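Fold and contact review
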Amino acid sequence: MRKLLRVNLSNGAIKEENIPQKIATDYVGGRGFGARYLYDEVAPGTDPLGQQNKLLIVTGALAGTSAQSLSKWVVVTKSPLTGTFARSYGGGDFGAWLKWAGFELVILEGKAAKPSYLYIKDGKYEIRDASAIWGKTTSQAQEYLKKQHGAKARMICIGPAAEKMVRYAGVFSGRRAAGRGGTGTVMASKNLKAVVVEAERKEELANPEEFKKLVKQQVKNFEEGLGFEPFRDYGTAMGVDVPGFAMGTFPVRNFRSADLEGWDKLSFLQYAAITQKHSGCYACMLKCGKTRTVTEGPYAGVTSEGPQYESIWAFAGPTACTDLGATVKADYMCCELGIDTISTGGCIGFAYELFEKGILTTKDTDGLVLKYGDPEPMLKLVEKIGRREGLGDILAEGVKRAAEHIGKGSAHYAMHVKGLEMPGYEPRSLKALGMNYALGNMGANHCYGYTQQEIGNPKPRLLDAAADEGKGDIVKYNHDYVASVELVNACTFPAHNLELFGPEIIGKMLVAALGETKFGSADYLSHVGEKVYNLERCFNIREGFSRKDDTLPKRMYTEPLEGGMRDGELYRKPDVIIDEYYEARGWDKNGIPTEATLKRLGLEEMDKDIVKFRR
Ligand code: SF4
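**Looking at the nonpolar core**
Counting 187 residues, the largest nonpolar core has Ile339, Phe350 and Val382 as the members making the most contacts within it. When residues of this core are assigned to their parent elements, the largest contribution, 9 residues, is made by helix α21 (residues 522-542). In contact with Phe350, not counting residues within four places along its chain, are Asn254, Leu395, Val399, Ala402, Ala403, Ile406, Ser410, Tyr413 and Ala414. The next biggest cluster of nonpolar side chains, apart from the first, holds 11 residues, and it includes Tyr119, Ala130, Ala141 and Cys157.

Rendered as structure tokens:
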């Protein structure tokens, strides 16, 4: 039987449970397990930071095997930033270790009376005192726990920003983060600083020989794949150049422009020149982690395992800064404080624009002059957000709540969807990607259904990035595709490139590992991916979300993009794409799955929860 560990932090009760066969078959694992258990166990209206919310740590059925890029872990919860379903993926080794310890899922409930950490080893579980590391940064806390538990231990932890209830704090393992949506904030609300697992490597496979053959095939696919070598050598930083500035997709000055003078100082080649080390998650030959040390300028000597593309953007685009050293330093600070780089950069970009408009003045910023191109105030704001000091205390709420607090028309400058700050791709330049944000179950999250078809991937068909219609079905395809590969917590970087990796080989691997023949069909995995996507939507509908929330910031519809390759672009017909999407999904005009759709997907039991929201 596949197992979960249920931990009640309020009363200290910890028990192992078998995952019922029906759930194991119907939801496969990974994000599927997360969605089902969250739906069943977190009632509508639950306070995300209250004791009734739950934090689910889920590893994949193939984690800890030699299969490539399949050992990530995911945190699933109700987001304190958006109030929606949230899933956020982290990398490193922790997913493998949790699987070796015998669990695919840990459900954390209640709230510990004092700062604590969960320790798992050899069938023993303990809630231990974490007062020595409460308030410590993510690296300090992990160093301490490594000294306590030795080299065989792996862990996830939160930083001081989570403890201060910054609404977009993440959960960290090494320097890898489950960054988006405030998963770390929920962990802190439970007084839980870390989860530590000590385990020995073990691989229990139904058909080891077949599995070995499939891994060999997968490695060959990776090695022969077109994008393999550049991705391994340069990582996601390549996105700055292409699509970035080559296609006008790099948002600048709080999503006003797609042009930045001197952007070549941020080219991936500049980052490559300061990269010392390539590191990967457990069993991943792509090694997209890049350790970089700044070699010149005011930030010389600063080292970070990053920044990845999104973090480069977060500390360059919103503030129009081209200081590469500052992006490395801000990335390092966010890792130490334990906050999401995308939301942090988005909140700072919001503050810079309010300062330009005179809505914020030096009286509100503790004397900081938020001048475009100057990275120093940006770095000071990162620290202030992480510590909730001064203006940082307001920005720590996220742009949506910060705008409500500041007033004076500032909501117009808050770039978010459903409360989640927008990532570093310009919706007016990539219109299907924009609708991926608008329609996404957790708000503006590029990873939820990255629209490769607008930048050259022909599967299932190429899209004209600028076209205003005829792409709703592809937005759906991408949402479901990502959900289907995340049933095994597959990393979406290689999984977005079908040449390398996809449901066919994943299905065969699942059969060889678990002996469950149903999983061998790519169609079955696609069906379950679609079902999980709809289940997450039902979770949101119960919370009151509907068509009114499937929207982009007004700026996207009313202000033409300034500069860059897509100068003048505007989002003209969002409703057309939304209607196309709902139709392809089998949802009504209010974005609610019809009874027939729920039946087709095996979600009939959710009908009673959402029927009153239909139009
Ligand atoms: S591609 Fe990067 S994030 Fe994905 S599994 Fe490999 S090392 Fe981890």
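So that's the structure; there's more coming.
**So, the sheet that holds strand β15 (residues 303-305)**
With antiparallel pairing, the 3 strands of this open sheet are ordered in space as β13-β14-β15. Strand pairing shows two members of the sheet lacking a second neighbour, β13 (275-279) and β15, which therefore form its edges. The mean angle between the axes of side-by-side strands here comes to 15°, regardless of whether they run parallel or antiparallel. On the sheet, helix α12 (residues 324-337) packs against β14 (289-293) and β15 and is oriented at approximately 65° with respect to β15.

**Some remarks on the packing of α12 against helix α14 (residues 375-387)**
Running from N to C, α12 and α14 point in directions that differ by 5°, and their axes come no closer than 10 Å. Looking at the two axes, α12 sits roughly parallel to α14. Residues Ala326, Lys329, Ala330, Met333, Cys334 and Leu337 of α12 touch α14, and the partners they reach there are Pro375, Met378, Leu379, Val382, Glu383, Gly386 and Arg387. Residues belonging to the contact of α12 with α14 are distributed by class as follows: 9 nonpolar, 1 polar and 3 charged.

**Topic: the packing of aromatic side chains**
A complete count under the given rule lists 23 aromatic pairs for this structure. Consider the rings of Tyr557 and Tyr571, whose centres lie 6.0 Å apart with planes at 85°: the pair is edge-to-face. A residue pair is termed long-range when its members are at least 10 positions apart, and Tyr557 in helix α22 (residues 555-558) and Tyr571 in the loop between α22 and α23 (574-585) qualify at 14 residues. You can call Tyr557 partly exposed: its relative accessible area is 22%. Taken together, a centroid distance of 5.8 Å and an interplanar angle of 45° make the contact between Tyr582 and Trp587 tilted.

**Examining unusual backbone geometry**
Trans is the prevailing form of peptide bonds, just as negative phi is the prevailing case for residues other than glycine. In this structure, the amide linkage connecting Val242 to the following residue, Pro243, adopts the cis form with an omega of 5°. Residue placement: Pro243 occurs in helix α9 (residues 241-247). With an omega dihedral of -5°, the bond running from Lys459 to Pro460 counts as a cis peptide bond. By the secondary structure assignment, Pro460 is in the loop between α17 (431-439) and α18 (472-485). The backbone of Ala283 sits at a positive phi, close to 50°, despite the residue not being glycine. Mapped onto the secondary structure, Ala283 falls in the loop between β13 and β14. Judged by its relative accessible area of 22%, Ala283 is partly exposed. With a phi close to 40°, Lys287 is a non-glycine residue in the positive phi region. As for its placement among the helices and strands, Lys287 is situated in the loop between β13 and β14. Here Lys287 falls in the partly exposed class, since its relative accessible area comes to 37%.

**What to know about a negative patch on the surface**
Negative charge collects at one region of the surface, where Asp259, Glu261, Glu562 and Asp567 lie side by side. Note on placement: Glu562 falls in the loop between α22 and α23.

**Digging into helix α7 (residues 208-224)**
Counted at 1.5 Å a residue, the expected span for α7 with its 17 residues is 24 Å, and the 24 Å between its end C-alpha atoms agrees. Taken residue by residue, α7 has Phe211, Leu214, Val215, Gln218, Asn221 and Phe222 as its buried positions. The buried residues of α7 occupy an angular sector of 115° when the element is viewed end-on, so they sit on one face. Residues Glu209, Lys212, Lys213, Lys216 and Glu224 are exposed on α7 and point more than 90 degrees away from its buried face.

**What about the pattern of salt bridges?**
Summed over all chains, the structure comprises 60 salt bridges. Glu109 is the partner of Lys54 in a salt bridge, and the nearest nitrogen-oxygen pair spans 2.9 Å. Here the residue Lys54 occupies a position in the loop between α2 (31-41) and β3 (55-59), and Glu109 occupies one in strand β6 (residues 105-109), the gap between them amounting to 55 residues. Relative accessible area serves as the criterion here: at 12%, Glu109 is assigned to the buried category. Here the salt bridges share partners, and the residues they tie into one network are Arg6, Lys15, Glu17, Glu41, Lys54 and Glu109.

**Considerations on the site of the ligand**
What surrounds the ligand is the set Lys72, Arg176, Phe231, Gly280, Cys281, Cys284, Leu286, Cys288, Cys491 and Phe493. When its residues are assigned to classes, the shell around the ligand shows 7 nonpolar, 1 polar and 2 charged.

**Looking at helix α20 (residues 503-514)**
Along its 12 residues, α20 runs 16 Å from first to last C-alpha, staying within 8% of the 16 Å computed at 1.5 Å per residue. If you check which residues of α20 are buried, you get Pro503, Ile505, Ile506, Gly507, Met509, Leu510, Ala512 and Ala513. Positive phi shows up at Gly515, right after α20, with a value of about 80°.

**Points about the sheet that holds strand β1 (residues 3-8)**
Ordered by their spatial adjacency, 6 strands build an open sheet running β2-β1-β6-β3-β4-β5, and the pairing between neighbours is mixed. Looking at the sheet topology across the chains shown, the edges are occupied by β2 (14-18) and β5 (85-90). Strand after strand, the sheet turns through a mean of 20° between neighbouring axes, direction not considered. Note: β1 against β6, 5 bridges, orientation parallel. Residue pairing across strands places Leu4 opposite Leu105, the latter belonging to β6. Running at roughly 20° to strand β4 (residues 73-78), α2 makes contact with β1, β3, β4, β5 and β6 of the sheet.

**Describing the pairing of strand β12 (residues 192-198)**
A regular strand carries its side chains on alternate faces of the sheet. For β12, the tally of buried residues reaches 7 of 7 residues, placing the bulk of the element in the interior. Two strands pair when backbone bridges link them, and strand β7 (residues 116-121) and β12 are joined in this way by 6 bridges, in the parallel orientation. Residue Lys121 lies in a different strand from β12, and its bridge partner there is Glu198. Bridge count for strand β9 (residues 153-157) against β12 is 5 bridges, and the pairing is antiparallel. Residue Ile156 lies in a different strand from β12, and its bridge partner there is Val195.

**Comments concerning the pairing of β1**
The element β1 is largely enclosed, with a buried count of 5 among its 6 residues. Summarising the sheet, β1 and β2 pair through 5 bridges and their orientation is antiparallel. In the sheet register, Arg6 faces β2, and the bridge partner there is Lys15. Taking the residues between adjacent antiparallel strands as the criterion, β1 and β2 are bridged by 5 residues, where Gly12 takes a positive phi near 80°.

Analysis parameters
Residues numbered from 1 in each chain as written. Predicted model: local features only at pLDDT ≥ 70, side-chain atom pairs only at ≥ 80, totals over all residues. Heavy atoms only, no water. Core = buried A, V, L, I, M, F, W, Y, C linked by side-chain atoms within 4.5 Å. Buried < 20%, exposed > 50% of the residue type's maximum accessible area, 1.4 Å probe, protein only. Helix = DSSP H or I, 4+ residues; strand = E, 2+ residues; numbered from the N terminus. Contact = heavy atoms within 4.5 Å. Pairing = 2+ DSSP bridges. Axes fitted to C-alpha atoms, helices over the stretch in contact; angles between N-to-C directions. Parallel < 35°, antiparallel > 145°, perpendicular 65-115°, else oblique. Nonpolar A, V, L, I, M, F, W, Y, C, P; charged D, E, K, R; others polar. Phe/Tyr/Trp six-rings, centres within 6.5 Å; stacked < 30°, edge-to-face > 60°. Patch = residues over 30% accessible without salt bridge, like charges linked within 9 Å, V, L, I, M, F, W, Y side chains within 5 Å. Areas by Shrake-Rupley, 256 points an atom, 1.4 Å probe, with all protein chains shown as cover. Salt bridge = Lys/Arg side-chain N within 4 Å of Asp/Glu carboxyl O. Lys, Arg positive; Asp, Glu negative; His and termini not counted. Charge placed at Lys NZ, Arg CZ, Asp CG, Glu CD. Expected span 1.5 Å × (residues − 1). Arc of directions from axis to C-beta. Near = heavy atom within 4 Å.

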